[in-house]
Structure formats: structure tokens, C-alpha cells
Amino acid sequence: MGKLDGKVAVITGSGRGIGRATAVLFAQEGASVVVNDIDPVPAEEAVKEIEAEGGKAVACVANITKADEAQRLMDTAVEKFGKLDILVNNAGITRDAMIHKITDAQWDIVVDICLRGAFNCIRAASKYMMQEGHNGTIINTSSAVGLMGNIGQINYASAKAGLIGMTKTVAREWARFGINCNAVAWGVVDTRLTKEKETGEEVAGEKVGIPKKIRDQFVAQMGGQILQPEDAAKVVLFLASDDARFITGDVLNVSGGWYI
Ligand SMILES: NC(=O)c1ccc[n+]([C@@H]2O[C@H](COP(=O)([O-])OP(=O)(O)OC[C@H]3O[C@@H](n4cnc5c(N)ncnc54)[C@H](O)[C@@H]3O)[C@@H](O)[C@H]2O)c1
């Protein structure tokens, strides 16, 4: 028996990182998963990984900042698997800059993907989730940075804090449909967004990552450990499962002591 047997989940940005690990774990626990990403190659790879283990998944390449693409994503869940039980708003990006130097473009891309993208998906999901006795769940991906602020992340902190207000509003409005909505606030999880910036990857035309000196300090604050995407996925699984049915409108701080 899997914890998500018979459930249908959409996970945004699940071609890589935390979303990918969540998609794989959800499928292992019996869910049919719509793997969304803006990048087709990692989305298809994630589906192959799930299918190779005998799980059910389909890729849906869509840019969640566009309302029509977010709608197509939710429609895909229903067309392929007959319903929509779980929405994990995971897609996100960083564009770090100090307040006096940040550009409009750096502000816009982060707020657009992290905040508007989640809103687009929730509004699109309303078509299928706003039904009496639906018993679905929505998990939004915030950050410890949304709770405590962070130097060089005015855009990201604002978007991730905004997601908390969004989470509480969805929890209030949709409780009557049996839907719970929570946010998870990660600390530093080992993905391309948090590698050492000096040797890091470019995402949408800009290098992401954390300068080594600062990253080392963060890791020290977490007792020398860094959360792996597979560890993070277990927390998302808990929130998506019946075990968390009575938790709603909450923010789970999963930062290993980075934010207390
Ligand atoms: N890694 C961390 O330490 C950390 C900490 C706090 C919060 N988070 C949040 O966790 C989430 C996952 O981050 P990650 O570290 O796994 O990053 P990641 O870059 O490994 O994965 C994010 C995925 O989202 C996809 N994506 C980006 N824009 C998209 C769009 N417009 N539409 C669809 N897909 C899109 C990317 O292509 C990528 O595959 C993000 O919301 C991030 O802000 C991460």
C-alpha cells in the first residue's frame, strides 16, 4: 500500500531538484504524476525514471507564468488520469541582487515564477478542485528566506513571503471543499539553485547559486549538513498524504536549524 494510492498529482518544476525527487517519491507511493517543467528534456527524463520503476507519469511542458499554460497543465491531469487531487507548486528561480542594484527584470522574473506562477496554477486547479467533498491538497513552496528575509534576495523573500498569504487564503476559501493548503519553507537544499555560485549553472541567462563563503556559513548553521532533494520530498509526501489532513494554512519550516 502506497501513501498516495489512486491519487493524481501535478508537480510544477519537477524536471529537476526537489520537484523531481518529489515526483519520483509520489509515483513510488502510488500516485499518477504530471511532471511539469518549462524545460522539455528534464521533464521527459523524470517521466522515464518513474516509468522505469513501474510508476505512472506524463510530462507536460508548460510555463506556469502564463495563465493559459497553467490551465493546460491542470487539464492534462484530468485528461490523462481522470482527476486532480494534489497540486504541488514547486517551480521557482533565484536572481540575487542587493536592493540598490536589483533590476526590474530580476524582480519580475522571480515574482512572476514564484508567486504569479503558483497563483495561476491554483486558479486553474479551481476548475477541478472546487467540489464538495473533493478532499484534495495544495502545497506551496516557500522558503526560510520568506520568513526571515535574506541579504541580496529582496525579490525572492518578497515572493516567498507572499506565498504564505496565498496559502492561508486558499486554506480558508477552500476548506469547505475538504481541501487543505500548506506551505513548506525550505532552508538550503542541495540543488542547482544553491551550488557554489563561482562554479554554478546559468538559469535563464544568469548564473545562480550562493557565493562559497556564504554557503559555507549557511551549512555550518545547519550543523554541517545540507538537505538533499530526497529528504525534502519526504516532507512534501507527508503534507500530501492523509496523515496531514488536519493541517491547513500552515507553514512547515524545514531548514535544519538555519532558521529558528
Ligand atoms: N534549493 C533550495 O535550497 C531551496 C530553498 C528554499 C526554497 N526552494 C524552492 O524550492 C523550489 C524548487 O527549487 P529547486 O532548488 O529544486 O530548483 P531547481 O532549479 O533544481 O528546480 C526548479 C525547476 O523549476 C523549473 N521552472 C522554472 N521556471 C519554470 C516555469 N516558469 N514553469 C515551469 N517550470 C519552471 C526549472 O526548469 C527547474 O527544473 C523552488 O520554488 C525554490 O524557490 C529551494
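On a predicted model such as this, the values are computed, not experimentally measured, just so you know.

A.B. asks: How would you sum up the pairing of strand β6 (residues 180-186)? Please name residues and give values.
C.D. replies: Among the seven residues of β6, seven are classified as buried, and the element is accordingly described as predominantly covered. In β6, alternate side chains face the same way, and those of Asn180, Asn182, Val184 and Trp186 on one face and Cys181, Ala183 and Ala185 on the other are all buried. As paired strands, strand β5 (residues 137-143) and β6 are joined by seven bridges and run parallel to one another. Within the sheet, the bridge partner assigned to Asn140 lies in β6 and is Ala183. Pairing between β6 and strand β9 (residues 251-254): four bridges, direction parallel. Bridging across to β9, Ala183 finds its partner in Val251.

A.B. asks: Describe helix α6 (residues 154-174), naming the residues involved and giving the relevant values.
C.D. replies: With 21 residues, α6 should reach 30 Å at 1.5 Å per residue; the first-to-last C-alpha distance of 30 Å fits that figure. Within α6, the full set of buried residues consists of Asn155, Tyr156, Ala157, Ala159, Lys160, Leu163, Met166, Thr167, Val170 and Trp174. Elements that come into contact with the buried residues of α6 comprise α4 (104-129), β5, α5 (144-148), β6 and β9.

A.B. asks: Got a sec to walk through the nonpolar core? Specific residues and values, please.
C.D. replies: With 74 residues, the main nonpolar core has Ala9, Ala23, Val33, Val35 and Leu73 as its most contacted residues. Ranked by the residues each element gives to this core, the list is headed by α4, at 11 residues.

A.B. asks: Just give me the short version of the sheet that holds strand β1 (residues 8-11), but keep the residues and values in it.
C.D. replies: The seven strands are arranged β3-β2-β1-β4-β5-β6-β9 in an open sheet whose pairing can be described as parallel. Looking at which strands have only one partner, the edges of the open sheet turn out to be β3 (56-61) and β9. Each neighbouring strand pair of the sheet contributes to a mean axis angle of 20°, computed without reference to strand direction.

Reading the values: the criteria
Residues numbered from 1 in each chain as written. Predicted model: local features only at pLDDT ≥ 70, side-chain atom pairs only at ≥ 80, totals over all residues. Buried ≥ 20, exposed ≤ 12 C-beta atoms within 10 Å, placed from the backbone. Helix = DSSP H or I, 4+ residues; strand = E, 2+ residues; numbered from the N terminus. Pairing = 2+ DSSP bridges. Expected span 1.5 Å × (residues − 1). Contact = placed C-beta atoms within 7 Å. Core = buried A, V, L, I, M, F, W, Y, C linked by C-beta atoms within 7 Å. Axes fitted to C-alpha atoms, helices over the stretch in contact; angles between N-to-C directions.

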